[in-house]
Protein chains: 2
Amino acid sequence: MSNFTLQLLLTGNELMTGDVIDTNSAMIAKQVSELGIDINRRVTISDDMSSLVCEIEHMSKQCDVLIINGGLGPTTDDLTSEALATVCNQPLIENQQAINHLNQWAKNRSFTLDKANLKQAWLPQNADIIYNRTGSAVGIHIKINDCEIYCTPGVPSELKIMMEEEIIPSLTQKVPNHDSVHITRLQTFGIGESRLQTMVDNAFPDWPNSIQVGYRADSPTVELKLITRSSKAHQLKTLWLPKIQELLNDNIISEIKDTPVSIPSSVVSLLKEKQLTLTTAESCTGGLIASQITSISGASSVYEAGFVTYSNTIKENVLNVRNKTINSTGAVSKETVIEMAKGAIDKANADIAIAVSGIAGPSGGTPDKPVGTVWIAWGTRKNMQTQHFIIKGNRQYFQRMVAARSLDLVRRLLIESKHKPLYVHNYE
Amino acid sequence: MSNFTLQLLLTGNELMTGDVIDTNSAMIAKQVSELGIDINRRVTISDDMSSLVCEIEHMSKQCDVLIINGGLGPTTDDLTSEALATVCNQPLIENQQAINHLNQWAKNRSFTLDKANLKQAWLPQNADIIYNRTGSAVGIHIKINDCEIYCTPGVPSELKIMMEEEIIPSLTQKVPNHDSVHITRLQTFGIGESRLQTMVDNAFPDWPNSIQVGYRADSPTVELKLITRSSKAHQLKTLWLPKIQELLNDNIISEIKDTPVSIPSSVVSLLKEKQLTLTTAESCTGGLIASQITSISGASSVYEAGFVTYSNTIKENVLNVRNKTINSTGAVSKETVIEMAKGAIDKANADIAIAVSGIAGPSGGTPDKPVGTVWIAWGTRKNMQTQHFIIKGNRQYFQRMVAARSLDLVRRLLIESKHKPLYVHNYE
């Protein structure tokens with residue numbers, strides 16, 4: 001396995017000009033790492049035919065598998081297929097499977113294919129297509145100089161699905177000993193990446209070398225990975241995993257089986273399980289919590305209504321917050337968020353509410369309540385809890401973090417957590 | 001100038017495993033683009049001595065300038081200096097300027113240098129240091145095989161300052177005609193990338209070669225770029241830019257001066273300019289439109305309230321949609337979205353409303369109203385317009401596209417557009 005090499009070639013002018021940050025490489029690297037493979041070299045070039053031909057020629061002689069990303073689209077600067085044909089000295093032919101895929105894709109969208117779209121069906125003669133479930137461009141699989149080449153689309157969402165559903169299963173056949181790597185992944189929220197690492201290091205000075213621990217921040221969550229590479233190590237992990245779970249307790253959202261479970265998705269599942277409904281009353285997050293909940297399929301069975309109440313008048317008129325409360329304690333206060341939450345529960349006839357009011361900035365701060373101040377209320381009509389935070393960062397970071405903590409507090413309520421989250425003592 | 005080439009070599013294990021996303025490349029690319037230079041090739045490898053030596057050897061023969069990023073730190077996997085010494089066959093010596101810098105750096109921090117830190121002062125004999133204002137590692141400048149090599153730190157903040165203050169001024173001396181590149185960027189919405197290219201190609205068969213046209217999809221918008229590389233071409237562009245603007249008319253959101261203007265940001269600016277307020281009544285988008293509006297600083301002056309009304313009961317109770325309307329035409333209908341919009345205007349006391357009701361899927365479709373069906377209402381109480389779309393794609397794509405089109409329709413209303421958007425005839 002140590003001799004097995006995988007290289008990555010990315011093509012795209014936008015990657016060279018700095019207009020786009022390359023996130024595809026990291027996604028591909030993470031997916032192949034599940035098979036125990038590291039990418040050992042990555043080359044990025046602009047959409048230029050002679051460069052493409054030269055790199056494919058060179059790289060195909062250097063590695064066992066080459067993944068090419070980008071250059072499959074319909075425009076004239078999409079050159080991957082033609083470059084492959086040049087390197088393997090074969091004609092481009094209209095691939096019937098690719099044509100069928102394009103026709104089906106267009107039909108589903110009541111869309112008429114133009115000449116540019118049809119260009120995507122011209123592939124080197126001995127190439128196979130790789131099915132693209134979400135986009136028009138099929139992937140291309142071809143063998144050149146004993147190197148297996150997989151060409152993938154540049155659009156991240158299409159790439160992700162094609163990697164998961166087509167390329168990883170195909171690579172699984174080709175990589176020796178791929179099943180000797182086990183990875184356990186825990187999705188956590190509430191402890192920063194570096195603090196998480198320190199906690200684990202301090203708690204387990206005698207941690208065994210054969211269980212590799214990895215961390216990856218994917219704001220707002222952090223993933224913790226336990227990687228083992230032998231059956232002896234897999235067994236050892238069954239002893240050490242519970243210790244990690246005990247240490248991190250309810251900071252663990254879930255063990256990641258397939259795709260990570262986001263905080264909103266965890267909340268929707270728990271609400272369904274307990275047959276409870278949620279409503280939201282948002283000031284500073286302006287609908288972000290609602291939109292995160294409703295981005296989950298099936299949210300409609302647990303979420304009927306939400307309120308974005310930016311101004312004081314609207315808080316009064318829509319949620320029946322008392323004018324007296326706002327005048328005496330301000331819109332960003334414990335009392336106001338409690339009344340917002342109760343008003344939302346009444347209006348929506350829901351079991352549980354989240355209400356948030358804060359100062360997202362950049363303007364609107366005062367010495368008493370600086371930018372970043374937020375009050376959150378969450379709970380049932382009878383058992384309403386509140387918490388105050390100061391979250392520093394730009395407007396978007398503030399809004400995302402308030403949404404994440406609000407939903408995490410509801411998650412902890414629903415699992416009846418006995419542990420106070422660390423961020424409650426740890427104002428940012 | 002066309003012969004001047006710059007390549008980039010990045011080194012770091014974390015870049016290969018997917019644990020870190022490479023943002024340094026984009027930063028370097030944007031900085032050198034100001035000099036009219038594109039990076040034409042970028043290679044990323046792990047911290048491995050033989051790979052480093054091999055790549056530096058090879059790349060230094062291929063380009064005029066090579067920027068190396070990473071591998072300057074104090075730890076054993078920081079190998080750049082040693083690799084350079086191997087390639088140019090020179091001894092590593094303790095560089096006095098580097099020692100002085102390290103001493104000063106440590107003194108400022110009341111910090112005692114250890115052996116690992118002092119390793120950072122060992123440079124190839126004929127190398128110069130590049131001053132690092134913020135970190136301990138000096139950069140390295142050396143000429144190998146007629147190639148100017150600049151080695152830079154991997155820490156983004158240190159890299160940025162070293163690029164701005166040291167490397168860009170040095171490159172300015174070395175790049176011929178560095179001030180001759182002009183780029184005009186137009187942010188568009190409503191025409192897909194491939195159709196946009198076809199439209200431009202068909203409309204201007206005599207388009208001049210000296211004005212390069214580029215496209216970049218950044219869903220939901222597409223950027224069109226006009227790039228010129230001589231003063232003659234810049235002049236020519238002043239004649240052709242208006243033709244493009246006429247062709248694309250109100251599909252252009254704005255010319256991009258610094259950062260792109262998103263559709264929500266354009267709507268917020270137009271509302272401010274016209275002193276109008278907006279409200280939203282969302283079913284299938286579940287708060288996404290509200291959260292896009294409120295992610296813009298200063299949105300509170302034009303947006304006071306929004307409603308997420310998922311269930312029929314809530315549409316009736318909160319927005320006063322008539323039970324009769326929902327029963328006779330359904331929740332996803334022209335009549336319902338009109339009543340939702342008018343109800344929201346009344347509740348929020350706003351000038352303009354957006355109301356959307358549709359079937360985001362994956363479940364909930366019927367033969368009459370398949371998944372992807374949506375009705376949008378937008379306008380003032382007296383002048384309410386509606387439009388029906390079928391948008392295919394997954395739940396998240398559907399929600400993003402409904403939000404984008406809704407806000408784009410309001411943008412077109414606010415600029416009093418006389419042009420019907422293409423997507424109105426072009427259901428996806």
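Residues numbered from 1 in each chain as written. Chains lettered and ligands numbered in written order. Predicted model: local features only at pLDDT ≥ 70, side-chain atom pairs only at ≥ 80, totals over all residues. Heavy atoms only, no water.

K.L.:
How should the overall build of chain A be read in this particular structure?
P.N.:
Across its full length, chain A carries 15 helices and 17 strands. Across its three principal directions, the C-alpha atoms of chain A cover 80 × 60 × 40 Å. Going through the 428 residues of chain A one by one, you find that 57% of them count as buried. Looking at chain A alone, contacts between residues at least 24 apart form 69% of all its contacts between residues at least 6 apart. Carbon and sulfur atoms form 48% of the exposed surface of chain A, whose accessible area is close to 17,900 Å². (Helix = DSSP H or I, 4+ residues; strand = E, 2+ residues; numbered from the N terminus. Buried < 20%, exposed > 50% of the residue type's maximum accessible area, 1.4 Å probe, protein only. Contact = heavy atoms within 4.5 Å. Areas by Shrake-Rupley, 256 points an atom, 1.4 Å probe, with all protein chains shown as cover.)

K.L.:
Honestly, the side chain of Asp408(A) in this entry has me stumped. Any pointers?
P.N.:
Residues and elements named next belong to chain A. Secondary-structure assignment places Asp-408 in helix 15 (residues 395–414). At 2.6 Å, the side chain of Asp-408 and the side chain of Tyr-423 are in polar contact. Every residue in contact with Asp-408, bar those within four places of it in the chain, is listed here: Phe-189, Ile-263 and Tyr-423. (Polar contact = N/O pair within 3.5 Å; in protein donor to acceptor, adjacent residues only side chain to side chain.)

K.L.:
Any chance you could explain the nonpolar core here in plain terms?
P.N.:
Within soluble globular proteins, side chains that are nonpolar tend to cluster in buried spots. By size, the foremost hydrophobic cluster in this structure holds 68 residues, and its most contacted members are Ile149(A) and Ile149(B). Not counting residues up to four positions away in its chain, the partners in contact with Ile149(B) are Ile56(B), Ser60(B), Leu66(B), Ile68(B), Leu84(B), Ile140(B), His141(B), Ile142(B) and Ile144(B). Counting residues in each nonpolar core, the second largest holds 44 residues, with Ala305(A), Ile326(A), Ala355(A) and Val321(B) among its members. (Core = buried A, V, L, I, M, F, W, Y, C linked by side-chain atoms within 4.5 Å.)

K.L.:
I'm lost on the domain arrangement of chain A in this one. Help?
P.N.:
Many analyses report the size of an interface as the accessible area lost when the parts associate. Residue and element names in this part refer to chain A. According to the domain assignment, chain A contains domain 1 (6–176), domain 2 (181–256) and domain 3 (263–424). Each of domain 2 and domain 3 was reduced to a C-alpha centroid, and the two centroids are 31 Å apart. Each partner contributes residues to the interface: domain 2 has 13 residues there, and domain 3 has 15 residues. Contact with domain 3 buries area across many residues of domain 2, yet Phe-189, Asp-250 and Ile-253 alone supply 53% of it, more than any other trio. At the surface where domain 2 touches domain 3, the tally comes to 0 salt bridges. At the level of elements, helix 8 (193–203) and strand 12 (252–256) are the ones that each hand at least two residues to the side of domain 2 that touches domain 3. (Domains from an automatic or database assignment. Buried area = accessible area lost by both parts, 1.4 Å probe. Salt bridge = Lys/Arg side-chain N within 4 Å of Asp/Glu carboxyl O.)

K.L.:
Explanation requested: the packing of aromatic side chains in the structure shown.
P.N.:
Each aromatic ring pair is characterised by the separation of its centres together with the angle its planes make. For the structure shown, the criterion picks out 12 aromatic pairs over all chains. Considering the side-chain rings of Phe389(A) and Tyr423(A), the 5.9 Å spacing of their centres and the 55 degrees angle between planes classify their relative orientation as tilted. Here Phe389(A) is found in strand 17 (residues 384–390), whereas its partner Tyr423(A) is found in the segment after helix 15, with 34 residues between them in sequence. A relative accessible area of 0% places Phe389(A) in the buried class. An aromatic cluster of at least three residues, connected via ring pairs, comprises Phe189(A), Phe389(A) and Tyr423(A). The lysine or arginine in question, Lys243(A), covers the ring of Trp240(A), its NZ or CZ lying 4.0 Å from the ring centre. Its guanidinium or amino end placed over the ring of Phe389(B), Arg405(B) lies 4.8 Å from that ring's centre, counting from NZ or CZ. (Phe/Tyr/Trp six-rings, centres within 6.5 Å; stacked < 30°, edge-to-face > 60°. Lys NZ or Arg CZ within 6 Å of the ring centre and 35° of its normal.)

K.L.:
I keep staring at the pairing of strand 1 (residues 6–11) of chain B and nothing clicks. Help me out?
P.N.:
Residues in a regular strand project their side chains so that they alternate between the two faces of the sheet. Residue and element names in this part refer to chain B. Burial runs high along strand 1: 6 of the 6 residues are buried. Here strand 1 shows a buried face lined by Leu-6, Leu-8 and Leu-10 and a second buried face lined by Gln-7, Leu-9 and Thr-11. In this sheet, strand 2 (residues 39–45) lies alongside strand 1 in parallel orientation, the contact comprising 6 bridges. The residue bridging Leu-9 from the neighbouring strand is Val-43, located in strand 2. Of the strand pairs in this sheet, strand 1 and strand 3 (residues 65–69) are connected by 5 bridges, and their pairing is parallel. Counterpart to Leu-8 in the pairing with strand 3 is Ile-67. (Pairing = 2+ DSSP bridges.)

K.L.:
What is the right way to read the side chain of Ser333(A) from this model?
P.N.:
All names here are of chain A. Along the chain, the position of Ser-333 falls in the loop between helix 13 (323–329) and helix 14 (334–348). Polar side-chain contacts of Ser-333 include one of 2.9 Å to the backbone oxygen of Gly-330. Separated by 3.0 Å, the side chains of Ser-333 and Thr-336 make a polar contact. Those residues in contact with Ser-333 that sit more than four places away from it in its chain are Lys-369 and Trp-375.

K.L.:
Explanation requested: a negative patch on the surface in the structure shown.
P.N.:
Residues Glu193(A), Glu14(B), Asp19(B) and Asp77(B) make up a contiguous surface patch of negative charge. Relative to the helices and strands, Asp77(B) is located in the loop between strand 3 and helix 4 (80–87). Residue classification places Asp77(B) among the partly exposed positions, given a relative accessible area of 33%. (Patch = residues over 30% accessible without salt bridge, like charges linked within 9 Å, V, L, I, M, F, W, Y side chains within 5 Å. Lys, Arg positive; Asp, Glu negative; His and termini not counted. Charge placed at Lys NZ, Arg CZ, Asp CG, Glu CD.)

K.L.:
Help me understand the sheet that holds strand 17 of chain A, please; the structure alone is not making it clear to me.
P.N.:
Paired through backbone hydrogen bonds, the strands of a sheet run either parallel or antiparallel to each other. An order of 17(A)-16(A)-15(A)-13(A)-14(A)-14(B)-13(B)-15(B)-16(B)-17(B) is seen for the 10 strands of this open sheet, with the pairing classed as mixed. The open sheet has two free edges, formed respectively by strand 17 of chain A together with strand 17 (384–390) of chain B, since each of these has just one partner strand. Between one strand and the next, the sheet's axes are offset by a mean angle of 10 degrees, whatever the strand orientation. Where strand 13 (residues 278–282) of chain B and strand 15 (residues 352–358) of chain B come together, 5 bridges link them in parallel fashion. When the bridges of strand 15 of chain B are listed, Ala281(B) appears paired with Ala355(B). Contacts between helix 14 of chain A and the sheet are confined to strand 13 (278–282), strand 14 (303–309), strand 15 (352–358), strand 16 (373–379) and strand 17 of chain A, with strand 15 of chain A contributing the most and set at about 140 degrees to the helix. Strands strand 15, strand 16 (373–379) and strand 17 of chain B of the sheet are contacted by helix 15 (residues 395–414) of chain B, whose axis makes an angle of about 25 degrees with strand 16 of chain B. (Axes fitted to C-alpha atoms, helices over the stretch in contact; angles between N-to-C directions.)

K.L.:
Help me out: how do you make sense of the interface of chain A and chain B in this one?
P.N.:
Taken residue by residue, the interface counts 66 residues in chain A and 63 residues in chain B. Summing the contributions of chain A and of chain B, the shared interface buries around 5,100 Å²; its carbon and sulfur component is 50%. Its largest share of buried area at the contact with chain B, chain A owes to Met16(A), Arg42(A) and Tyr310(A), together 13% of the area lost on that side. Linking chain A with chain B are 2 salt bridges. Notably, a salt bridge pairs Glu55(B) with Arg41(A), separated by 2.3 Å at the nearest N-O pair. Here chain A is connected to chain B by 28 residue pairs in polar contact (both at pLDDT 80 or more). For the side of chain A that touches chain B, a count of residues per class yields 26 nonpolar, 26 polar and 14 charged. (Nonpolar A, V, L, I, M, F, W, Y, C, P; charged D, E, K, R; others polar.)

K.L.:
Is there a simple way to explain the environment of Ile244(B) in this structure?
P.N.:
Residue and element names in this part refer to chain B. The residue Ile-244 is located in helix 9 (residues 231–248) in this model. Note on Ile-244: relative accessible area 0%, which makes it buried. Residues Ile-244 and Thr-277, 33 residues apart in the sequence, show an inter-C-alpha distance of 32 Å.

K.L.:
What am I meant to see in the pattern of salt bridges here?
P.N.:
Side chains carrying opposite charge are able to pair once their charged atoms draw close together. All names here are of chain A. Scanning the model with the defined rule gives 22 salt bridges over all chains in all. For Glu-165, the salt bridge goes to Arg-133, with nearest N and O atoms at 2.7 Å. Placement of Glu-165 in helix 7 (residues 156–174) and of Arg-133 in the loop between strand 6 (128–130) and strand 7 (139–144) is noted, with a sequence separation of 32 residues between them. A relative accessible area of 35% places Glu-165 in the partly exposed class.

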